[in-house]
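Report on the structure
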Amino acid sequence: MNLKDKIVWVTGASSGIGEALCEQLAAKGAILVLSARNEDKLKALNTRLGGMHHVVPLDLAEPEALLKEMPAVVERIKRIDVLINNGGVSQRSLFLENDFSVYRQLMEVNYFGLIALTKVVVPQMVKQGMGMVVSISSVAGKVGSKFRTGYSGSKYAVVGFMDCLRAELADKNVNCLTICPGSIKTAIAHNSLDGQGKPQNKPEESIENGMDVGRAAAKMIKAIEAEKDEVVVGEGISGLAPTIKRFFPRFFNRLTARMNYR
Ligand SMILES: NC(=O)c1ccc[n+]([C@@H]2O[C@H](COP(=O)([O-])OP(=O)(O)OC[C@H]3O[C@@H](n4cnc5c(N)ncnc54)[C@H](OP(=O)(O)O)[C@@H]3O)[C@@H](O)[C@H]2O)c1
């Protein structure tokens with residue numbers, strides 16, 4: 001897909017991977033719909049990118065509100081070529097310490113919010129006869145590790161949802177790309193939830209030493225342009241983990257039991 005003049009809706013545009021994607025997509029001539037909760041950051045990004053983009057604040061933790069309010073956005077913009085479901089939140093806490101509500105919180109944002117927005121946008125793509133749904137899952141949606149029972153569950157769910165959606169939309173010229181990033185250097189660890197659902201506000205080694213976010217975004221955009229089905233974007237062990245687990249599952253499970261990325 002040539003991204004010039006395409007209308008691309010990006011959630012989680014206020015920070016990290018989403019912000020880097022928006023910068024590079026704008027440089028390729030895409031018109032963006034910028035979404036996240038923090039409207040001030042979205043407006044500042046729009047100004048930085050030339051001011052011609054659409055700012056649409058939304059909260060993925062309120063899927064029913066998205067289903068009610070977002071159709072008007074589609075109607076106003078008239079066309080959505082690519083939806084990038086990127087907004088999300090992680091978690092760093094042990095199962096034995098977690099409140100049950102944390103699991104629901106993670107599923108609302110990472111899974112039900114994603115489905116709600118996809119449900120609003122896909123009928124428009126079918127109507128216009130083309131489109132692409134891109135969902136940012138995670139390597140944690142392919143392999144499990146300590147401290148991530150809630151996050152990993154929500155990201156595995158995204159992989160399954162996307163596999164089924166891809167099959168259903170195959171004859172409608174709407175492609176579905178699942179991106180599974182490894183450790184990318186963003187604010188994700190700071191924003192990740194603790195066992196009571198509050199941001200942990202501290203760094204984590206694997207993320208601090210993770211892949212440069214601009215480099216990761218460039219690889220993701222290449223996968224969009226090539227209309228791939230699924231890609232892993234990561235360096236070192238985080239990028240190799242799905243392959244290691246596939247071929248050496250017992251070795252991999254023993255390894256993750258020893259690792260402590262909190
Ligand atoms: N960084 C990594 O190592 C890594 C690895 C694998 C997967 N991922 C995935 O990549 C995506 C982006 O993460 P990131 O690394 O860029 O982290 P980040 O810097 O913390 O950015 C997260 C983005 O999601 C938005 N967001 C969070 N909760 C939201 C909500 N309730 N409603 C709407 N937007 C919400 C945030 O915006 P507001 O706070 O303004 O709402 C922010 O723009 C996530 O889905 C994450 O799971 C990241």
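As recorded in an unreviewed UniProt entry, the protein chain goes by the name SDR family oxidoreductase, listed as coming from Pseudoalteromonas lipolytica. Looking at the protein chain in UniProt, the text filed under Sequence similarities (unreviewed entry) is "Belongs to the short-chain dehydrogenases/reductases (SDR) family."

Across its full length, the protein chain carries 10 helices and seven strands. The C-alpha radius of gyration of the protein chain comes to 18 Å, within 12% of the 18 Å expected for a compact globule of 262 residues. Counting across all 262 residues of the protein chain, residues that qualify as buried make up 52%. If you average the places of the 34 positive and of the 27 negative side-chain charges in the protein chain, the two averages end up 4 Å apart.

So, on to the sheet that holds strand 1 (residues 7-11). Spatially, the seven strands line up as an open sheet ordered 3-2-1-4-5-6-7, and their pairing is parallel. Each edge of the open sheet carries a strand with a single partner, namely strand 3 (54-55) and strand 7 (230-233). Note that strand 1 and strand 2 (residues 31-35) share five bridges and pair parallel. Bridging from a neighbouring strand, threonine 11 pairs with serine 35 of strand 2. In the packing of helix 3 (residues 63-77) onto the sheet, the strands contacted are strand 1, strand 2 and strand 3, and the crossing angle to strand 1 comes to about 155 degrees.

Generally speaking, nonpolar side chains in soluble globular proteins are found buried as a group. Counting residues in hydrophobic clusters, the biggest one holds 37 residues, and the most contacted among them are Val8, Leu25, Leu32, Ile84 and Val134. Considering every element that reaches this core, the biggest residue donor is helix 8 (residues 213-225), with seven residues. When sequence neighbours within four positions are dropped, the list of residues in contact with leucine 25 reads Leu3, Val8, Val10, Ala30, Leu32, Ile84 and Ile221. In this structure, Val56, Leu83, Leu114 and Val174 belong to the second largest nonpolar core, which totals 35 residues.

Right, let's talk about the pairing of strand 7 for a bit. Here strand 7 shows a buried face lined by Val231 and Val233 and an unburied face lined by Glu230 and Val232. Here four bridges tie strand 6 (residues 174-181) to strand 7, and the two strands are oriented parallel to one another. Counterpart to cysteine 180 in the pairing with strand 7 is valine 232.

Secondary-structure assignment places serine 14 in the loop between strand 1 and helix 1 (16-27). When sequence neighbours within four positions are dropped, the list of residues in contact with serine 14 reads Glu19, Ala36, Asn38, Lys41 and Leu42.

As a working rule, side chains carrying opposite charge can pair if their charged atoms are close by. Scanning the entire structure with this criterion turns up 14 salt bridges. In this structure, glutamate 23 and arginine 48 form a salt bridge, with 2.8 Å as the shortest nitrogen-oxygen distance. Pair noted here: glutamate 23 is in helix 1 and arginine 48 is in helix 2 (residues 39-48), with a separation of 25 residues, a long-range link. In this structure, a network of salt bridges that share partners links the residues Glu19, Glu23 and Arg48.

When two helices pack together, their arrangement is given by the angle between the helix axes and the distance between those axes. Their axes nearest at 9 Å, the elements helix 3 and helix 4 (residues 100-128) cross at an angle of 30 degrees. Considering the angle they form, helix 3 stands roughly parallel to helix 4. As for the relative orientation of helix 3 and helix 4, their crossing is right-handed in sense. Together, Pro63, Leu66, Leu67, Met70, Pro71 and Val74 of helix 3 and Glu108, Phe112, Gly113, Ala116, Leu117, Lys119, Val120, Val121 and Gln124 of helix 4 make up the contact between the two elements.

With that settled, consider the site of the ligand. Taken together, 31 residues lie near the ligand, and Ser15, Arg37, Asn86, Tyr151 and Thr186 sit nearest. Here an oxygen atom of the ligand and a backbone polar atom of glycine 12 are 3.1 Å apart. At 2.8 Å from an oxygen atom of the ligand is found a main-chain nitrogen or oxygen belonging to isoleucine 184. Notes on the ligand: free accessible area 880 Å², of which the protein chains cover 93%. For the shell around the ligand, the secondary-structure elements that each account for two or more residues are helix 1, helix 5 (149-169) and helix 6 (188-191). By residue class, the composition of the shell around the ligand is 14 nonpolar, 14 polar and three charged.

Attention now moves to the pairing of strand 1. Buried residues dominate strand 1, accounting for five of its five residues. Because side chains alternate across strand 1, one face comprises the buried residues Ile7, Trp9 and Thr11, and the other comprises Val8 and Val10, equally buried. Taken together, strand 1, helix 1 and strand 2 form a β-α-β motif whose crossover is right-handed. For strand 1 and strand 4 (residues 82-85), the ladder comprises three bridges, and the chain directions are parallel. Pairing of tryptophan 9 across the sheet is with leucine 83, part of strand 4.

The rules behind the values
Residues numbered from 1 in each chain as written. Predicted model: local features only at pLDDT ≥ 70, side-chain atom pairs only at ≥ 80, totals over all residues. Heavy atoms only, no water. UniProt positions renumbered as here; feature names shortened; annotations may be inferred. Helix = DSSP H or I, 4+ residues; strand = E, 2+ residues; numbered from the N terminus. Rg over C-alpha atoms; globule rule 2.2 N^0.38 Å. Buried < 20%, exposed > 50% of the residue type's maximum accessible area, 1.4 Å probe, protein only. Lys, Arg positive; Asp, Glu negative; His and termini not counted. Charge placed at Lys NZ, Arg CZ, Asp CG, Glu CD. Pairing = 2+ DSSP bridges. Contact = heavy atoms within 4.5 Å. Axes fitted to C-alpha atoms, helices over the stretch in contact; angles between N-to-C directions. Core = buried A, V, L, I, M, F, W, Y, C linked by side-chain atoms within 4.5 Å. Salt bridge = Lys/Arg side-chain N within 4 Å of Asp/Glu carboxyl O. Parallel < 35°, antiparallel > 145°, perpendicular 65-115°, else oblique. Left-handed = near helix turned anticlockwise from the far one by under 90°. Near = heavy atom within 4 Å. Polar contact = N/O pair within 3.5 Å; in protein donor to acceptor, adjacent residues only side chain to side chain. Areas by Shrake-Rupley, 256 points an atom, 1.4 Å probe, with all protein chains shown as cover. Nonpolar A, V, L, I, M, F, W, Y, C, P; charged D, E, K, R; others polar. Right-handed = clockwise from strand over helix to strand, strands pointing away.

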